[in-house]
Amino acid sequence: MKGFLGSLKGDRQFFNKLFVLALPIMIQNFIVSSLNMVDTLMIGKVGEDEIAALGIANQLFFMFNLIIIGVTAGCCMFISQYWGSGDKRRIKNVSAIGLTLIFVTGAIFTLAALVFPSPILGLFTDDARVVSLGVDYVKIVSLSYIMTGISFFLAGALRSIGSARLPMVVSAIAVLINAGLNYIFIFGNFGAPKMGVKGAALGTLIARICEIILIMILAFKKGSALKGGFKEYFGFDGAFAKKIMASAFPVILNEALWGLGMTFYTAAYGQIGKEAIAVMQICNTVLNLMMVACFSIANAAMVMVGHEIGGGDIPKAKVYAERYAVISFILGLLMGASILIFSNHILSLFNVSENVKNAAVTIFIIFAIVSPVRAMNNSCITGIFRGGGDAKFALAVELVSMWIIGVPLAFLGATIWDMNIEQVVILTTAEEVFKVIMCLIRFRKGKWIHDLTK
């Protein structure tokens, strides 16, 4: 990597931007992932059925969350480039489109969760008790979907204009509120009723209300690039909206299909049994926590690469991209080592059977081996390529790797070949191998660079 090695010395600007952007994002993602860990740990103290219920109930939100991520990422690749070109008016226009999409989608998912909870959750397991507990959870937590989507978008927009610390502070406050309320409502502490999974949902709902109030105050404060009236936000014509949607839609579709694919993975695991669902709920929670640094690097890469392309400095954008690719691979190695070191200690905190623990240990080893490749894929697809406006290629790679390779192998392994959960997870790693090959080819050719401001 000539660009990575050739000009590291003295390039304080790169590292200053890296830490100003990546460190707050890393802390924020760590806080959010820690909350998910705390939720799972607290519910894990209640029992395996409750962990499985939380796993399937969160699949609906997971789908919505991936659409949120898609809308936000699709819009933020424009926001970062417009910030680089100094066009604050277009930043507001793009934000108006994104917020409208999130509100409409959130309303649809909330309605589905309130009206059809049992049929939806029944797609993942036929265990009546697990479905019943999941319904109790989703009916409450679904009321927070729209608020969660708006908060997430505003946080992404702030990061895209270089203000990464504000979303971090808001997330920290929301997490503390959520963790405290979960402790009170799940176990019935301080005189509150013992609510179990309902308590976890209620704690999340109240925390989301606090979060959206805080993020809106900070995002629209005086002097912010996001502050503006209705006319400033919606003062664009149909041609501009069409341009934004044409480039953002592949990102939205990418995340939605990826989320649907992950939901299909859960359905495949459910064919093996509820123990398999519990195993993957624990393992994915730990994996997301361990991969926080890699996700943060990808976010920072999208912003910094987008700023340079929007500002017209293509050579610097290429150098930054090369550096981020190498950094993400190194972080993936470190995350893999961390998974191996801490997995047993984390598993000891869960009140689950030895079968679940033993399966989880094997899956952690698989995750550790694949994590460098997964980290580089994440950095390229969700960071570098999106910062470069290359959303269509990312969509094509995800479609082929997940829907032609990963998901079919998961169902074949779980149903036709009668494999256990560990063997099925090994099969699905073929998806990551295919992606890294395609990403490296695209990266070297340089076809991922597109100036979206022109």
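Residues numbered from 1 in each chain as written. Predicted model: local features only at pLDDT ≥ 70, side-chain atom pairs only at ≥ 80, totals over all residues. Heavy atoms only, no water.

Draft legend 1. Representation of the environment of Ile404 in the model. Mapped onto the elements, Ile404 comes out in helix α16 (residues 391-416). Along the chain, Ile404 and Phe153 lie 251 residues apart, while their C-alpha atoms are 31 Å from each other. (Helix = DSSP H or I, 4+ residues; strand = E, 2+ residues; numbered from the N terminus.)

Draft legend 2. Geometry of the side chain of Ser80. Of note, Ser80 is situated in helix α3 (residues 48-85). When its relative accessible area of 0% is taken as the criterion, Ser80 is described as buried. (Buried < 20%, exposed > 50% of the residue type's maximum accessible area, 1.4 Å probe, protein only.)

Draft legend 3. The arrangement of the packing of helix α14 (residues 314-347) against helix α15 (residues 354-387) in detail. In the contact formed by α14 and α15, the axes pass within 8 Å of each other and the chain directions differ by 165°. Classified by the angle between their axes, α14 and α15 sit roughly antiparallel to one another. Note that α14 runs across α15; the crossing there is right-handed. Of the residues belonging to the contact of α14 with α15, the class tally is 19 nonpolar, 7 polar and 1 charged. (Axes fitted to C-alpha atoms, helices over the stretch in contact; angles between N-to-C directions. Parallel < 35°, antiparallel > 145°, perpendicular 65-115°, else oblique. Left-handed = near helix turned anticlockwise from the far one by under 90°. Nonpolar A, V, L, I, M, F, W, Y, C, P; charged D, E, K, R; others polar.)

Draft legend 4. View of the nonpolar core. Judged by nonpolar contacts, the single largest core of 142 residues is most densely connected at Tyr145, Tyr324, Phe367, Ile384 and Trp448. The greatest single-element share of this core, amounting to 20 residues, is contributed by α3. Every residue in contact with Tyr145, bar those within four places of it in the chain, is listed here: Leu60, Phe61, Phe64, Gly106, Phe109, Thr110, Ala113 and Val138. (Core = buried A, V, L, I, M, F, W, Y, C linked by side-chain atoms within 4.5 Å. Contact = heavy atoms within 4.5 Å.)

Draft legend 5. Representation of unusual backbone geometry within the structure. A positive phi angle is found at Phe190, which is not glycine, with a value near 55°. Examined against the element boundaries, Phe190 turns out to sit in the loop between α8 (165-187) and α9 (197-219). Even without glycine at this site, Asp418 takes up a positive phi of about 55°. Position of Asp418 relative to the elements: it lies in the loop between α16 and α17 (421-428). Taking relative accessible area as the criterion, Asp418 reaches 65% and is therefore assigned exposed.

Draft legend 6. Fine view of the packing of aromatic side chains. By the definition in use, this model includes 17 aromatic pairs. Arranged with centres 5.4 Å apart and planes meeting at 40°, the rings of Phe64 and Phe109 form a pair that is tilted. Pair noted here: Phe64 is in helix α3 and Phe109 is in helix α4 (residues 88-115), with a separation of 45 residues, a long-range link. Phe109 carries the same exposure label as Phe64, and that label is buried. With centroids separated by 5.9 Å and ring planes inclined at 10°, the aromatic side chains of Phe443 and Trp448 adopt a geometry described as stacked. By relative accessible area, which is 11% here, Phe443 ends up buried. Clustering of aromatic rings is evident, with ring pairs tying together Phe61, Phe64, Phe109 and Tyr145. (Phe/Tyr/Trp six-rings, centres within 6.5 Å; stacked < 30°, edge-to-face > 60°.)

Draft legend 7. Structural detail: the side chain of Gln81. Within the secondary structure layout, Gln81 lies in helix α3. A residue is classified by how much of its surface remains accessible, and Gln81, at 0% relative accessible area, is buried. At 3.3 Å, the side chain of Gln81 forms a polar contact with the backbone oxygen of His450. Gln81 has contacts with Gly306, Ile309, Gly310, Gly387, Gly388, Gly389, His450, Asp451, Leu452 and Thr453, leaving out every residue within four places of it along the chain. (Polar contact = N/O pair within 3.5 Å; in protein donor to acceptor, adjacent residues only side chain to side chain.)

Draft legend 8. Seen up close, the packing of helix α11 (residues 238-272) against α16. In contact at an axis separation of 9 Å, α11 and α16 are set at 10° when each is read in the N-to-C sense. As far as their axial angle goes, α16 and α11 are roughly parallel. The residue makeup of the contact of α11 with α16, split by class, is 23 nonpolar, 6 polar and 2 charged.

Draft legend 9. Focus on the pattern of salt bridges. Overall, the coordinates contain 7 salt bridges when judged by the stated rule. Between Glu50 and Arg129 there is a salt bridge whose closest N-O contact spans 2.7 Å. Separated by 79 residues along the polypeptide, Glu50 in helix α3 and Arg129 in helix α6 (residues 128-141) bring together distant segments of the chain. The buried category is assigned to Glu50, whose relative accessible area is 9%. The partly exposed category is assigned to Arg129, whose relative accessible area is 44%. A salt bridge links Arg374 to Glu432, with the shortest nitrogen-to-oxygen separation between them at 3.8 Å. Of the two residues, Arg374 is situated in helix α15 and Glu432 in helix α18 (residues 430-445); the sequence distance between them amounts to 58 residues. What emerges from the salt-bridge pattern is a single network uniting Arg374, Glu398, Glu431, Glu432 and Lys435. (Salt bridge = Lys/Arg side-chain N within 4 Å of Asp/Glu carboxyl O.)

Keep in mind these numbers describe shape, not what the thing actually does.
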